[in-house]
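# Coordinate inspection notes
This is what each chain is made of:
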Amino acid sequence: MQFYNLKHPEQRVSFSQAVRQGLGKDQGLFFPESLPMLDASELAELPRHQRYQKILSGFLKDTFSEPTLSEMIAKAFPFEAPLVPVGPHFALELFHGPTLAFKDFGARFMAQCLARLSDGKPITILTATSGDTGAAVAHAFHGLKGVRVVVLYPEGKISRPQEQLFCTLGGNIETLAVEGSFDDCQALVKAAFDDEELKNAIGLNSANSINISRLLAQILYFWDLALTEPNLVVSVPSGNFGDLTAGLMAKAMGAPIKRFIAATNSNDTVPRYLANGQWQPHATVATLSNAMDVSRPNNWPRVEHLLTSHGWSLTGEAVSEADTKASMQTLQILDYLGEPHCAVAFKALLNNLEDKERGAFLCTAHPAKFAESVSTILGIPVPLPKALQDAMEKPNLSKKLGNDWQQLRHYLLQA
């Protein structure tokens, strides 16, 4: 299967090239030339890893042999994504991987892909994170020979547990605290990909959710959800909109999902766009759900392509800080410990369900990654899992970087 550039459809590349290149011409996003249709009843009979193989082989059979793909799946996904009842609805828990966030799915599978697709030349992974991507990418690629990882994050705008998970590894993992917002970090990454000389000099690649390998991995847990409880309304906490893209792709492939809700925090570019048709990003504001503090979501062209291609509509809902706190308290009453991101999704779900509909909301991070805010809002202590306890005790190895493209360019070339 080939993958084409949504901005320049004439640019078509193999999966191998799409993964290594990250972005197409003019920063266009790669998208599969077709979405393989699958039989839900047949998939439901398969064990989880065999089901994953069936889903992914439709995209990757020309790239990896069946035994190789099977090995990749076993190494990338030793953890599950359980669907947990919360009142009459369900929480899809995506935080059971090594860095306690949904990003583990995509980052670990991308690492497996690059390990097998590398042509032997040095690779520099440059990625921006609003919280969880950094840890997932850093852990997935830590110690991988021939791969240098540089992670940009907004200084002071992610939780300390999030920061400590990826800023304490060292080795081939380099972390830069940028004076600015996540959108500023993304802009610096985009500038790097526009610099052909730099790209060639350091073998530049991106592990953000724009990379097609991460997106394919995220499709898997939407199938898990749909086969466990068919025909649910699914509320997706949305920042860069990679998760929603994957969910729409799963639905297009035959996953029995009724419809989606795009839940955002106060950074509400998409809900406003869905309401009035005007794409008008505002300055990014800091919120409790910091991983969603994105005003210019990179994956939106993929979402819009899927909506247009299938004639689907999408519900958008922006959730205030006050409603986020209240939603966490409602979840607590329902005997579920939630953090701000899942609380945003839960509130949007409750606000948009119609009669007799049941829903699911995505829980993208472990509550302990936001222990301070969760404890303050709910008035209870939040114990840290061992992975976080260990990280909190290590020295932070980050360097500071101004919001300056030339400064970043110099840094990338000096190593």
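Overview of the structure. All values derive from a computational prediction rather than experimental measurement. (Residues numbered from 1 in each chain as written. Predicted model: local features only at pLDDT ≥ 70, side-chain atom pairs only at ≥ 80, totals over all residues. Heavy atoms only, no water.)

### A closer look at the packing of helix α3 (residues 48–60) against helix α10 (residues 212–228)
Describing two packed helices takes the angle between their axes plus the distance from one axis to the other. Put simply, the rule is: Simply put, an axis is a line fit to the C-alpha atoms, just over the touching stretch for a helix, and the angle between two N-to-C directions goes from 0 to 180 degrees. A helix here means a DSSP run of H or I that spans at least four residues, while a strand means a run of E at least two residues long, and both kinds are numbered starting from the N terminus. Here the word oblique covers every angle except those under 35 degrees (roughly parallel), over 145 (roughly antiparallel) and from 65 to 115 (roughly perpendicular). Put simply, a crossing is left-handed when the front helix is turned counterclockwise from the back one by less than a right angle, and right-handed when it is turned clockwise. By definition, residues are in contact when any of their heavy atoms lie within 4.5 Å.
α10 packs onto α3 with a crossing angle of 130° between their chain directions and a minimal axis gap of 10 Å. The angle between α3 and α10 places the two elements in the oblique class. Viewed along their axes, α3 and α10 form a crossing whose handedness is right-handed. Note on element contacts: α10 touches α3 through Leu216, Ile219, Leu220, Trp223, Asp224 and Leu227, opposite Arg48, Arg51, Tyr52, Ile55, Leu56, Phe59 and Leu60.

### What about helix α18 (residues 405–414)?
Applied cut-off: Working definition: with a 1.4 Å probe on protein chains only, accessible area under 20% of the residue-type maximum means buried, over 50% means exposed, and in between means partly exposed. As used here, the arc is the angular range of directions from the helix axis to the C-beta atoms. Think of a polar contact as two N or O atoms within 3.5 Å of one another; within protein, one of them needs to be a possible hydrogen donor and the other a possible acceptor, and neighboring residues in sequence only count if both atoms come from side chains.
Those residues of α18 that sit buried are Leu408, Arg409, Tyr411 and Leu412. Along the long axis of α18, the arc covered by the buried residues comes to 160°, so they all point the same way. Opposite the buried face of α18, by more than 90 degrees, sit the exposed residues Gln406 and His410. Those residues of α18 hidden inside the fold are in contact with β6 (123–128), β7 (147–154), β8 (173–178), α8 (182–194), α9 (196–202) and β14 (399–401). The backbone nitrogen of Gln406 lies 3.2 Å from a side-chain oxygen of the residue at the head of α18, namely Asp404.

### A look at the packing of aromatic side chains
Here is the rule: The rule is short: rings of Phe, Tyr and Trp, with Trp giving its six-membered ring, pair when the centres are within 6.5 Å, and they are stacked under 30 degrees, edge-to-face over 60, tilted in between. For a Lys NZ or an Arg CZ to count as sitting over a ring, it must be within 6 Å of the ring centre and within 35 degrees of the ring normal.
In this structure the tally under the stated criterion is 17 aromatic pairs. Note on Phe15 and Phe64: the rings are 6.2 Å apart at their centroids and 75° apart in plane angle, and the pair reads as edge-to-face. Here the residue Phe15 occupies a position in helix α1 (residues 15–21), and Phe64 occupies one in the loop between α3 and α4 (66–76), the gap between them amounting to 49 residues. For Phe15, a relative accessible area of 0% translates into the label buried. Between Phe222 and Phe260, the ring centres sit 6.0 Å apart and the planes meet at 70°, which makes this aromatic pair edge-to-face. Of this pair, Phe222 sits in helix α10 while Phe260 sits in strand β11 (residues 257–264), and the two are 38 residues apart along the sequence. Ring pairs connect the aromatic residues Tyr52, Phe77, Phe79, Phe105, Phe109, Tyr221, Phe222 and Phe260, which therefore count as one cluster. The cationic tip of Lys251 hangs over the ring face of Trp312; the distance from NZ or CZ to the ring centre is 5.4 Å.

As far as function goes, none of this settles anything; it's purely spatial.
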